[in-house]
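An overview of the molecular structure
Here is how the chains run, residue by residue.
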Amino acid sequence: LSEIKDIVEEPAKKACLKWEIDDKANVLHKLVVKEAMAIRELPLIEFALSELYNMRDENDCLTFEAYNKIGGMKGAIVSYANSFYASLSQEEKEALSIVLSFVIASSEKNDTCVRKTSLMKDVCSTKVQKQLVKKLIDAHLLVAGKDSGGQSTVTIVHETLIKHWSVVQEWIEQQKDFLKTSAYYEQRAKHWVNNARSAYNLISEKTALLEGEYFLYKYSKQVSKEVKDFLLASMKKERRKGIVWQTMLGSFLLLGI
């Protein structure tokens, strides 16, 4: 927390900039520090601060008016994300829709969306997706990491982008069905994997299998290998069951049963 406080205060101090105090004795830098601590992502905070510093008045004072004009810490971050999006090629913009599928999920608690961490190899399944993910990481809009098994992962940098970036909000509106259904299959697939991929935990009901097959056909580019494996294993199990029944029926007929 002290590091964030220093990032807010020290550059202004070195540049001999003053922080405005309003008629209610509120000091701007305290508000900025408070909002920066809620964000915590240093590159995004630094961008917001640079926007504010560029809007200092003729007396080298950082004002509430300027801070409100950039939309506060959250508004500045969204502005930064919009600038990044505008720099993308059309192909990269289309790939972003797929990438978002791996870093955003429906919340289990309410009708909102939250950050999701996915394996890097799932997100970067094509050359353009790999190229885009690198750009997003370099721009500090995605964050790379490692899971407990040492595999590379990626997630969106902050939920501010989910809640306030119009590009993401529009995507969520368009992908409501996918987000809801994907969360269900991810939960089923995880349970299957955690239970040694037992056939007992696969989908067996015919209507549910047809729904799973349709989901995989429609969203194959937007789901993890784990979900694909789970759905394919469920379908394979059902096909085998059908073959067994056909074989038994044939035997019965031959035996005149």
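Structure first, text after, so check above.
Summary of the structure given here. In this text, all values refer to a predicted model and were calculated from it rather than measured experimentally.

1. Overview of the layout of surface pockets
Taken as a whole, the largest pocket holds about 560 Å³ of empty space. Around the largest pocket, the lining is made up of 22 residues, and of these Lys-116, Thr-117, Glu-186, Lys-190 and Glu-226 lie nearest the centre. Of all elements in the fold, only strand E3 (104-106), strand E5 (118-119), helix H11 (176-194) and helix H13 (225-255) reach the threshold of two or more residues within the lining of the largest pocket. Here the element with the most residues in the lining of the largest pocket is H11; it accounts for five residues. Of the residues that constitute the lining of the largest pocket, the class distribution is eight nonpolar, seven polar and seven charged. Estimates place the volume of the second largest pocket at around 400 Å³. Those elements giving two or more residues to the lining of the second largest pocket turn out to be helix H9 (159-164), helix H10 (166-174) and H11. Of the residues forming the lining of the second largest pocket, the biggest block, four residues, is contributed by H11.

2. Some details on H11
For H11, spanning 19 residues, the distance from its first C-alpha to its last is 27 Å, which sits close to the expected 27 Å at 1.5 Å a residue. Residues Phe-178, Leu-179, Ser-182, Tyr-185, Ala-189 and Trp-192 constitute the buried set of H11. Angular distribution of buried residues about the axis of H11 spans 145 degrees; they occupy a single face of the element. In H11, those exposed residues whose orientation departs by more than 90 degrees from the buried face are Lys-180, Gln-187 and Asn-194. Ala-196, located one to two residues past H11, shows a positive phi value of around 60 degrees.

3. A short note on the state of the cysteines
Here the structure, examined in full by the defined rule, presents zero disulfides. Free of any disulfide, Cys-61 has its nearest neighbouring cysteine sulfur in Cys-16, separated by 13 Å.

4. Considerations on the nonpolar core
Ranked by size, the top nonpolar core spans 76 residues in total, and within it Trp-19, Val-32, Met-73, Leu-141 and Leu-231 carry the most contacts. Those residues within four positions of Val-32 in sequence are excluded, and the remaining contacts are Val-8, Trp-19, Leu-49, Leu-52, Tyr-67 and Met-73.

5. Details of unusual backbone geometry
Trans is the prevailing form of peptide bonds, just as negative phi is the prevailing case for residues other than glycine. For Asp-60, which is not glycine, the phi dihedral falls at a positive 55 degrees. Along the chain, Asp-60 falls in the loop between helix H3 (42-54) and strand E2 (61-62).

6. Overview of the environment of Ile-4
The residue Ile-4 is located in helix H1 (residues 2-14) in this model. Linking Ile-4 and Lys-34, residues 30 residues apart in sequence, is a C-alpha distance of 9.5 Å. Other than its neighbours up to four places away in sequence, Ile-4 contacts Ala-36, Met-37, Arg-40, Leu-42 and Ile-45.

7. Observations regarding helix H6 (residues 90-103)
Look at H6: 20 Å from first C-alpha to last across 14 residues, which is about the 20 Å you get at 1.5 Å a residue. Its axis deflected by about 25 degrees at Ser-97, H6 carries its strongest bend there. Buried within H6 are the following residues: Glu-92, Ala-95, Leu-96, Ile-98, Val-99, Leu-100, Ser-101, Phe-102 and Val-103.

8. Structural notes on the environment of Val-167
Looking at the secondary structure, you find Val-167 in helix H10. Here Val-167 falls in the buried class, since its relative accessible area comes to 16%. The sequence separation of Val-167 and Tyr-85 amounts to 82 residues, and the corresponding C-alpha distance is 8.4 Å. Excluding its chain neighbours within four sequence positions, the residues that come into contact with Val-167 are Asn-82, Tyr-85 and Leu-96.

9. Considerations on the sheet that holds strand E7 (residues 152-156)
Pairing within the open sheet is antiparallel, and its three strands lie in the order E5-E7-E6. This sheet does not close on itself; its edge strands, each paired only once, are E5 and strand E6 (142-146). Looking at chain direction, E6 and E7 are connected through five bridges and run antiparallel. Its bridge partner being in E7, Ala-144 is matched across the sheet by Val-154. Contacts between H6 and the sheet are confined to E5, E6 and E7, with E7 contributing the most and set at about 100 degrees to the helix.

So, how was this worked out
Residues numbered from 1 in each chain as written. Predicted model: local features only at pLDDT ≥ 70, side-chain atom pairs only at ≥ 80, totals over all residues. Heavy atoms only, no water. 1 Å grid on protein atoms, 1.4 Å probe; cavity = no way out; pocket = protein on both sides within 12 Å on 5 of 7 lines; lining within 4 Å. Points joined across faces, edges and corners; volume = space filled by probe spheres on them. Helix = DSSP H or I, 4+ residues; strand = E, 2+ residues; numbered from the N terminus. Nonpolar A, V, L, I, M, F, W, Y, C, P; charged D, E, K, R; others polar. Expected span 1.5 Å × (residues − 1). Buried < 20%, exposed > 50% of the residue type's maximum accessible area, 1.4 Å probe, protein only. Arc of directions from axis to C-beta. Disulfide = S-S within 2.5 Å. Core = buried A, V, L, I, M, F, W, Y, C linked by side-chain atoms within 4.5 Å. Contact = heavy atoms within 4.5 Å. Bend = angle between axes of the 7 residues up to and from the residue. Pairing = 2+ DSSP bridges. Axes fitted to C-alpha atoms, helices over the stretch in contact; angles between N-to-C directions.

Interpretation note: all reported values are geometric properties and have no functional meaning in isolation.
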